[in-house]
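Each chain, letter by letter, is given below.
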Amino acid sequence: MQYRKDKNGNELSVLGFGCMRFQKKNGKIDIDEAEKDIMEAFNAGVNYFDTAYVYSGSEVTIGEIFERNNIRDKINIATKLPQYLVSNRAALDKYFNEELSRLRTDHVDYYLMHHLTDVAMWEKLKNVGVIQWIAEKKKSGAIRNIGFSYHGNTDGFLKILNDYDWDICQIQYNYFDEHSQAGVRGLKAAAEKGIPVVIMEPLRGGKLVNMLPASAKKVMANSGRGWSPAEWSFRWLYDQPEVTVVLSGMNTVEMVQENCRTASSALAGQFTEKDKAVLAEVTEKIKEQEKVGCTGCRYCMPCPKGVDIPGTFRCYNAMYIESKSEGRFQYAQTVGLTKEPAFVTQCIGCGKCEKHCPQEIPIRKKLKEADKALRPLPYKIGINLVRKFMFRKSKTNNTP
Ligand code: SF4
Ligand code: SF4
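Residues numbered from 1 in each chain as written. Chains lettered and ligands numbered in written order. Predicted model: local features only at pLDDT ≥ 70, side-chain atom pairs only at ≥ 80, totals over all residues. Heavy atoms only, no water.

### Some remarks on the site of ligand 2
Here comes step 1: Taken together, the neighbourhood of ligand 2 is formed by 14 residues, with Cys-294, Cys-297, Arg-298, Cys-300 and Cys-357 sitting nearest.
Here comes step 2: Taking a 2 Å distance to the grid points as the criterion, the majority of the atoms of ligand 2 fall inside the second largest cavity.
Here comes step 3: Ranked by residue count, the leading element in the shell around ligand 2 is helix 13 (residues 309-321), at 3 residues.
Here comes step 4: Of the residues belonging to the shell around ligand 2, the class tally is 10 nonpolar, 3 polar and 1 charged. (Near = heavy atom within 4 Å. 1 Å grid on protein atoms, 1.4 Å probe; cavity = no way out; pocket = protein on both sides within 12 Å on 5 of 7 lines; lining within 4 Å. Sits in = over half its atoms within 2 Å of the grid points. Helix = DSSP H or I, 4+ residues; strand = E, 2+ residues; numbered from the N terminus. Nonpolar A, V, L, I, M, F, W, Y, C, P; charged D, E, K, R; others polar.)

Okay, here's the thing in structure tokens:
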């Protein structure tokens, strides 16, 4: 494993374990599988584990695993304040104490304000007294480093970055998103201030692996490098010295091993001009085919009317990246036949989703387009018939 330093000189593994995609069993996190994955990573030198209050079951699971294996003092826990739920100072303590209890620890190494999308959110926190609260927690040692995770545009990122003496920040960044959200401008600005940058969504929610069009895979294969699509993504990030830790939501031992291999060998400054040209071509190939730039982050959810927004966009994109029939098939399986209907036609146009979308997608417009493509009349009739059969005892599940 290779390590890069934080603001205080502590060594952080360049690969961080994103604890939001553990395998599930009977609807709950499979703790035995999670333990195997975590311990594989720990034994390979991973020392940065990222979770959040709202990652269902995650804090409790990793707290138990760290305690069982007696490794709490050998690793760093990064977790996050659900700032969108905070309306007064008492709530800061409430959530933080609950997180300490779930994590079975008396301190958090890196505590981040979760999912800031503009400076107004940070101002709201300042108004409830967060700055004094942070000072007290840092003085007591309950919080070692303070930071924020970010999903808005570059200007908003720079404003928040420059408004406080942060210890760390976390941004969405990958070769496809080099210029969106905080982007390369935000990355470099943070690095210039000596603030370590943790990268989330290095594979764009897995899409830079699972949904790469055949033409893009061919470009990679013809490069002669022999790297997998995931390795291309990670190597592009590690090439940049401004990147400190790259998070990966790992949920198999094989995935941990592959990512650790890459993290052990990829150095900053190793990417050649030819490598960069390969990824520029891959990006073009993806853009040619993608219909909506949805990363599947789910910040737009839940929709008050039950519309499955990311699910609809995923299938819409699959129609163009894979094939029309595959996209429609996936839609019927994952959106069309859920017990609670999740169709675009349930949308009342309230716009709530668009306020939360970090990609600034005109969701209402794109949903209409997607629905038209995914459910032409014969499919609509077919899905309706299957629904009537599957849910025949219920009167509330008709296709809208
Ligand atoms: S605009 Fe439509 S899809 Fe978006 S939150 Fe409102 S009802 Fe849901
Ligand atoms: S529509 Fe926007 S907020 Fe919703 S999942 Fe996609 S990228 Fe995320």
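### Quick look at the packing of aromatic side chains
Pairs of aromatic rings are described using the distance from one ring centre to the other and the angle between the two planes.
Here comes step 1: Within this structure, the stated rule accounts for 21 aromatic pairs.
Here comes step 2: When the ring of Phe-96 is compared with that of Tyr-111, the centres are 5.0 Å apart and the planes differ by 75°; the resulting orientation is edge-to-face. Of the two residues, Phe-96 sits in helix 3 (residues 89-103) while Tyr-111 sits in strand 8 (residues 108-116), which places them 15 residues apart along the sequence.
Here comes step 3: Owing to a relative accessible area of 0%, Phe-96 belongs among the buried residues under this scheme.
Here comes step 4: Ring geometry for Phe-148 against Trp-166: centres 4.8 Å apart, planes inclined by 55°, an arrangement best described as tilted. One end of the pair, Phe-148, is in strand 9 (residues 143-150); the other, Trp-166, is in the loop between helix 6 (154-161) and strand 10 (168-172), and 18 residues separate them in sequence. Here Phe-148 matches Trp-166 in class, with each residue buried.
Here comes step 5: Linked through ring pairs, Trp-122, Phe-148, Tyr-150, Phe-157, Tyr-164 and Trp-166 together constitute an aromatic cluster.
Here comes step 6: Taking NZ or CZ as reference, Arg-102 lies 4.2 Å from the ring centre of Tyr-53, over its face.
Here comes step 7: The ring centre of Tyr-320 lies 4.8 Å from the NZ or CZ of Lys-291, which sits over that ring. (Phe/Tyr/Trp six-rings, centres within 6.5 Å; stacked < 30°, edge-to-face > 60°. Buried < 20%, exposed > 50% of the residue type's maximum accessible area, 1.4 Å probe, protein only. Lys NZ or Arg CZ within 6 Å of the ring centre and 35° of its normal.)

### Quick word on the site of ligand 1
Here comes step 1: In the neighbourhood of ligand 1, the contacting residues comprise Cys-303, Pro-304, Ile-309, Cys-347, Ile-348, Gly-349, Cys-350, Gly-351, Cys-353, Arg-364 and Leu-367.
Here comes step 2: The site holding ligand 1 turns out to be the largest cavity.
Here comes step 3: When grouped by side-chain class, the residues that make up the shell around ligand 1 number 8 nonpolar, 2 polar and 1 charged.

### Things to note about the packing of helix 3 against helix 5 (residues 130-140)
Here comes step 1: Viewed as axis vectors pointing N to C, helix 3 and helix 5 meet at an angle of 40°, and their least axial separation amounts to 10 Å. Considering the angle they form, helix 3 stands oblique to helix 5. Crossing handedness for the pair helix 3 and helix 5: right-handed. Contact with helix 3, carried on its side by Arg-89, Leu-92, Asp-93 and Phe-96, involves Val-130, Gln-132, Trp-133, Glu-136 and Lys-137 of helix 5 and no other residues of that element. (Axes fitted to C-alpha atoms, helices over the stretch in contact; angles between N-to-C directions. Parallel < 35°, antiparallel > 145°, perpendicular 65-115°, else oblique. Left-handed = near helix turned anticlockwise from the far one by under 90°. Contact = heavy atoms within 4.5 Å.)

### Notes on unusual backbone geometry
Most peptide bonds take the trans form, and the phi angle of most residues other than glycine is negative.
Here comes step 1: Cis geometry marks the peptide bond from Met-301 to Pro-302, where omega comes out at 0°.
Here comes step 2: The residue Pro-302 is located in the loop between helix 12 (273-289) and helix 13 in this model.
Here comes step 3: A positive phi angle, near 50°, is found at Asn-26, a position not held by glycine.
Here comes step 4: Within the secondary structure, Asn-26 is located in the loop between strand 4 (24-25) and strand 5 (28-29).

### What about the sheet that holds strand 12 (residues 243-248)?
Here comes step 1: Spatially, 3-6-7-8-9-10-11-12 is the arrangement adopted by the 8 strands of the closed barrel, whose pairing is parallel. This sheet shows a mean twist of 30° between the axes of neighbouring strands, independent of strand direction.
Here comes step 2: Note: strand 7 (residues 76-81) against strand 8, 4 bridges, orientation parallel. Opposite Leu-81, over in strand 8, you have Met-113 as the bridge partner.
Here comes step 3: Those strands touched by helix 10 (residues 229-238) are strand 3 (15-18), strand 11 (197-200) and strand 12, and its axis lies near 160° from that of strand 12. (Pairing = 2+ DSSP bridges.)

### So, the packing of helix 14 (residues 324-336) against helix 17 (residues 377-390)
Here comes step 1: Contact geometry of helix 14 with helix 17 gives a least axis separation of 12 Å together with a crossing angle of 35°. Read as a crossing pair, helix 14 and helix 17 show a hand that is right-handed. Taking contact as the criterion, the partners of Arg-328, Tyr-331, Ala-332 and Gly-336 in helix 14 are, on helix 17, Tyr-379, Ile-383 and Arg-387.
Here comes step 2: The class makeup of the residues in the contact of helix 14 with helix 17 is 4 nonpolar, 1 polar and 2 charged.

### Some thoughts on the pairing of strand 7
Here comes step 1: The buried count for strand 7 comes to 6 of 6 residues, which makes it a mostly enclosed element.
Here comes step 2: As judged from the 3 bridges shared by strand 6 (residues 48-50) and strand 7, these two strands associate in the parallel manner. Its bridge partner lying in strand 7, Tyr-48 is registered against Asn-76.
Here comes step 3: Crossover connection from strand 6 via helix 2 (residues 58-68) to parallel strand 7: handedness right-handed. (Right-handed = clockwise from strand over helix to strand, strands pointing away.)

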